[in-house]
Structures are given as structure tokens and as C-alpha cells.
Amino acid sequence: MKFILQNSIHSSNGSNKLRFGKICSLFRSPNLELETPVLLVNTKAGSVMHLSHEVLMKIDGLIQCLQVPLSNSAKCYEGARGFKRGIVEFAGMKGYLSYCSVHDPAEMLIKGKNEKDQISLNTCNGRIYLSVQRYMEMMEVFQPDIYEALSDSYNDSNSSNRRLCKSTANSINYFDECMSIHGKSEILKKASVFGVIEGGYNSIYKEKIASHLLLNPNVCGFVIGGLHSNGPEVEKIRSSSIESVVHQTLKLLPEDRVKVVHGCFRPDVVVRLIELGVDIFDSSLVDIVTNRGCAFVFGWRSLDKSDAMVNGNSDHAVDCPVKDEAPSYKLEISMKDKVYFDDFGPLLKGCSCVACQKHTRAYIHHLFLTKEMLGPVLLMIHNLHHYLSFFTFIRKTIREGHRVEII
């Protein structure tokens with residue numbers, strides 16, 4: 001895998017770094033290019049929640065890579081092993097790239113006890129314990145295009161120094177063993193490996209892991225972990241509380257490798273993380289908003305050139321102000337709210353998705369009132385379309401040298 005950085009726009013103090021690039025030369029799909037910043041579409045057992053493959057293909061928006069969390073797809077192992085063509089084809093999703101992570105960002109981590117030689121993983125079928133050897137056997141069966149090396153992810157802003165120390169040591173041990181097996185595997189040598197930088201909010205531990213990962217030239221990208229414990233609580237995190245640790249971690253990493261941050265961050269936080277230099281995100285917010293019966297209604301716009309960051313070599317480079325107040329925009333509306341029972345407009349005026357073009361708020365409210373399965377399906381179509389459009393706009397705006405603002 002190669003990452004080609006096509007455009008990097010810096011602010012004068014170096015804290016803002018809008019990046020536009022492309023991921024290419026993937027072994028299984030050498031002609032496919034992923035433009036960054038890119039959205040991984042989250043799956044449950046290899047399939048997008050509420051949607052069949054046929055419906056997914058009708059959604060307007062660029063879907064190229066599916067995220068397959070092991071926590072909800074481990075149950076597919078035996079079937080995929082017999083199928084022999086990987087988890088994506090086993091789930092009937094042929095044609096998409098696959099990115100395997102250990103945990104589902106949409107589901108809160110239920111902590112277990114990780115040891116030096118194994119991790120505790122909470123799955124939909126209960127808790128299991130995975131050695132590195134077992135994890136890599138699963139990766140061989142799932143045959144992902146990209147996968148994360150195993151790490152001890154039970155750490156966040158509230159973790160004790162003792163927990164961070166253990167997480168760091170375990171993550172380094174897991175990584176070394178993963179890379180050793182990866183180098184000997186005829187199947188996995190076709191996949192790209194991303195290293196995970198745990199260590200909570202402690203810069204010393206993060207630097208220790210990052211320095212160790214950088215010793216291995218086969219690491220194609222980096223996941224900045226330890227920022228949260230996944231699930232809906234991540235929506236409450238403001239950019240001001242994480243940007244320092246993200247910025248300091250990104251400074252440790254080379255420009256020519258991709259950077260990943262998982263979690264259901266609100267759109268304004270996503271924009272801020274992109275300004276810091278993060279390249280890959282996931283659609284866990286789409287899953288969470290849909291599951292609570294809500295539809296996205298937030299908007300976005302490009303700031304004028306006078307407000308945009310310009311090339312750092314210019315004398316006219318400007319710093320981007322960081323907003324610390326609570327978001328002022330409206331993220332979503334609840335279709336369970338009785339106020340919509342006689343609202344015959346679309347979910348979002350001007351939206352081109354099938355749900356907005358064919359159905360009204362009143363009808364979708366009725367579907368939720370009567371607990372019809374079509375309700376979540378229509379919301380998923382709208383929410384995924386809306387979020388994909390958001391990322392398409394971000395890439396276009398960065399190419400033009402502008403910043404994005406959520407409205």
C-alpha cells in the first residue's frame with residue numbers, strides 16, 4: 001500500500017495541517033484509489049446495518065471500504081473459513097475493500113482483563129479470549145485489505161498510570177508478535193498493517209509506542225487509540241479536550257503514512273481532527289444516530305479564501321481559531337417525536353437520497369410508531385448518504401484550499 005500526499009496546507013504555527021491525498025497500490029485492488037480524508041463504512045458481521053448489498057449500492061455517495069470489527073464478526077469465523085474467499089465475499093459484499101479492526105467504535109467497550117499473551121474481547125456471543133496467534137489466524141481467514149495489529153485498548157483519559165504502563169507493554173508485545181506472523185504468512189503478506197498507538201492521554205507512553213512502531217518499515221499507517229472507550233459517549237467529547245494529545249501524537253509520525261482516529265465524534269470534531277492531519281474516520285456516528293431513530297439535518301459550508309489556511313511557506317499563513325464552546329448547530333431530529341405526525345416534508349429539504357425523495361417525515365414517524373422494520377432502513381439510507389456527502393464536500397474543499405465549517 002502507498003499513501004501519496006497530494007496537498008498539505010499548514011497554518012503558521014503548524015498546529016493545523018489540512019491533508020488531501022490518496023491511498024493506492026493495494027495488493028488485491030491495484031487499480032483502486034481511496035481519496036483522503038476517507039470514511040470507512042462500519043459493518044456488523046460484514047454487512048452494513050439495516051441494508052442489503054443491493055440497497056447499499058443505490059445510495060448516492062462514494063463507498064469503497066468497509067470496516068469489519070472483530071467484536072461483531074468473530075462469529076463468522078467458521079463459515080468464512082469454509083468459504084475461503086474472505087469475510088467481505090462471505091457476507092455478500094463483493095466489490096468493496098475491507099478494513100479489519102478489533103473493536104466496533106459504535107459499541108462501548110466492556111472492559112476485561114488483558115494479559116501479556118492474550119486480550120479479552122467482548123463479542124455479541126459473550127466474552128472470548130484471543131491470543132495473538134488466534135487473532136492472526138482469524139485475519140488469515142477474513143483476508144482483509146487492511147487490518148490493525150492487536151493492541152491493549154483498555155485505556156482512556158481516566159486510566160491510571162499503572163493501567164497505561166501495562167497497556168503500553170502489552171501493545172508493543174502484541175505488535176511484535178503480529179508482525180512476526182504477518183511476515184511469514186502467504187495470505188497476510190497481501191494485506192496492509194496499521195499499528196495502534198495506545199497510551200491514553202499520556203504523551204510519554206504514546207511516544208514510546210510510536211517510536212517502536214516506526215522501527216518496522218512494513219507498518220503502512222497508524223491508529224491513534226486511547227482517546228475514549230467507544231460508543232455513544234464519544235459524542236460528548238469536544239475537540240478542545242483531545243486536540244492536544246492528537247496533535248502531539250501526529251508530530252511523532254511521518255507525513256507519508258495515513259493516520260486513523262476511530263469513534264462517533266460529532267461533525268465539528270471530525271473537521272477539527274482533519275485540520276490536525278487525520279486521514280481516516282469511521283461511520284459509527286451514522287449507526288448510533290440511526291439506532292436512536294434520528295435523521296441527520298446538520299449542514300456545512302466552505303469558508304472564504306480569506307479565512308482558509310494557506311500554504312505554510314507563504315507569508316500570509318493564518319492560524320485557525322479553535323472553538324471551545326458547545327456546538328451551535330443542530331445535528332439531528334428524532335422521528336419518534338409526535339411533532340412529525342403531520343409533517344409531509346422530506347427528512348431534509350434538498351437531500352437527494354431515496355428516503356427524502358420518496359417518503360415524508362410523517363410516514364417515517366408512522367413507521368417508528370408502529371415499529372415497522374422499514375423505518376430504520378429509510379433512516380440508514382438518509383444518514384449514510386448525508387455523511388458520505390459530508391466527506392465528499394470536505395475533500396473538494398481541501399483541494400480548493402479552503403476550510404469547512406459545520407452549520
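The rules we used
Residues numbered from 1 in each chain as written. Predicted model: local features only at pLDDT ≥ 70, side-chain atom pairs only at ≥ 80, totals over all residues. Heavy atoms only, no water. Helix = DSSP H or I, 4+ residues; strand = E, 2+ residues; numbered from the N terminus. Rg over C-alpha atoms; globule rule 2.2 N^0.38 Å. Contact = heavy atoms within 4.5 Å. Lys, Arg positive; Asp, Glu negative; His and termini not counted. Charge placed at Lys NZ, Arg CZ, Asp CG, Glu CD. Buried < 20%, exposed > 50% of the residue type's maximum accessible area, 1.4 Å probe, protein only. Axes fitted to C-alpha atoms, helices over the stretch in contact; angles between N-to-C directions. Parallel < 35°, antiparallel > 145°, perpendicular 65-115°, else oblique. Left-handed = near helix turned anticlockwise from the far one by under 90°. Polar contact = N/O pair within 3.5 Å; in protein donor to acceptor, adjacent residues only side chain to side chain. Pairing = 2+ DSSP bridges. Core = buried A, V, L, I, M, F, W, Y, C linked by side-chain atoms within 4.5 Å. Salt bridge = Lys/Arg side-chain N within 4 Å of Asp/Glu carboxyl O. Phe/Tyr/Trp six-rings, centres within 6.5 Å; stacked < 30°, edge-to-face > 60°. Lys NZ or Arg CZ within 6 Å of the ring centre and 35° of its normal.

With that settled, the discussion passes to the overall build of the chain. In terms of helices and strands, the chain carries 13 helices and 17 strands. On C-alpha atoms alone, the chain measures out to a radius of gyration of 21 Å, which is about the 22 Å that the 2.2 N^0.38 rule sets for 407 residues. Principal-axis analysis of the C-alpha atoms gives the chain an extent of 60 × 60 × 45 Å. Put simply, 74% of the contacts in the chain that link residues at least 6 apart link residues at least 24 apart. Across the chain, the mean location of the 47 positive side-chain charges is 3 Å away from that of the 44 negative side-chain charges.

This next bit is on helix α8 (residues 239-250). For α8, every residue scored as buried is listed here: S239, I242, E243, V245, V246, H247, T249 and L250. Where α8 is buried, its residues touch β10 (192-197), α7 (203-213), β11 (219-224), β12 (258-260) and α9 (267-276).

To continue, consider the packing of α8 against α9. Two elements in contact, α8 and α9, have axes whose closest approach is 10 Å; the angle formed by their N-to-C orientations is 25 degrees. The orientation of α8 with respect to α9, classified from their angle, is roughly parallel. As for the relative orientation of α8 and α9, their crossing is right-handed in sense. Note on element contacts: α9 touches α8 through V269, R272, L273 and L276, opposite S239, I242, E243, V246, H247 and L250.

Tracing the backbone through its elements, the reader meets T43 in the loop between β4 (38-42) and α1 (53-56). Among the residues examined, T43 registers a relative accessible area of 0% and is labelled buried. One polar contact links the side chain of T43 to the main-chain carbonyl oxygen of Q67, over a distance of 2.7 Å. Not counting chain neighbours up to four residues away, the residues in contact with T43 comprise V48, L66, Q67, V68, P69, N72 and D104.

Here the focus is the environment of I398. Secondary-structure assignment places I398 in helix α13 (residues 374-399). A relative accessible area of 1% places I398 in the buried class. Linking I398 and T36, residues 362 residues apart in sequence, is a C-alpha distance of 10.0 Å.

Moving on: the pairing of β11. In summary, the side chains of a regular strand alternate between the two faces of the sheet. Most of β11 is tucked away: 6 of the 6 residues are buried. Two strands pair when backbone bridges link them, and β10 and β11 are joined in this way by 5 bridges, in the parallel orientation. Directly across from V193, in β11, lies its bridge partner V219. Bridge analysis of β11 against β12 gives 3 bridges, and the strand direction is parallel.

Another point: helix α10 (residues 284-291). Of all 8 residues in α10, 7 are buried; the element is thus mostly enclosed. In the core, the buried residues of α10 are packed alongside β4, α9, β13 (280-282), β14 (294-296), β16 (332-334) and α13.

Okay, the nonpolar core next. In this structure, Y135, L273, L384, Y387 and F390 are the most contacted members of the largest nonpolar core, which totals 111 residues. A total of 12 residues in this core trace back to one element, the largest contributor, which is α13. With sequence-adjacent residues up to four places away left out, Y135 is seen in contact with L70, V102, L130, Y147, E148, A149, L150 and C178.

Our focus in this paragraph is the pattern of salt bridges. Inspection of the entire model under this criterion finds 23 salt bridges. Between D152 and R163 there is a salt bridge, with the nearest N and O atoms lying 2.9 Å from each other. Of this pair, D152 sits in the loop between β9 (146-148) and α6 (161-184) while R163 sits in helix α6; the two residues are 11 residues apart in sequence, bridging distant segments of the chain. Under the relative-accessibility criterion, D152 is labelled buried at 0%.

A few words on the packing of aromatic side chains. Summed over the entire model, instances satisfying the criterion amount to 13 aromatic pairs. Ring geometry for F298 versus Y387: centroids 6.4 Å apart, planes at 75 degrees, classification edge-to-face. You can see F298 sitting in the loop between β14 and β15 (300-302) and its partner Y387 sitting in helix α13, a full 89 residues away along the chain. Both residues of the pair, F298 and Y387, count as buried. Members of the aromatic cluster, connected to one another through ring pairs, are F281, F296, F298, W300, Y387, F390, F391 and F393. It is R134 that lies over the ring of Y77; its NZ or CZ is 4.5 Å from the centre.

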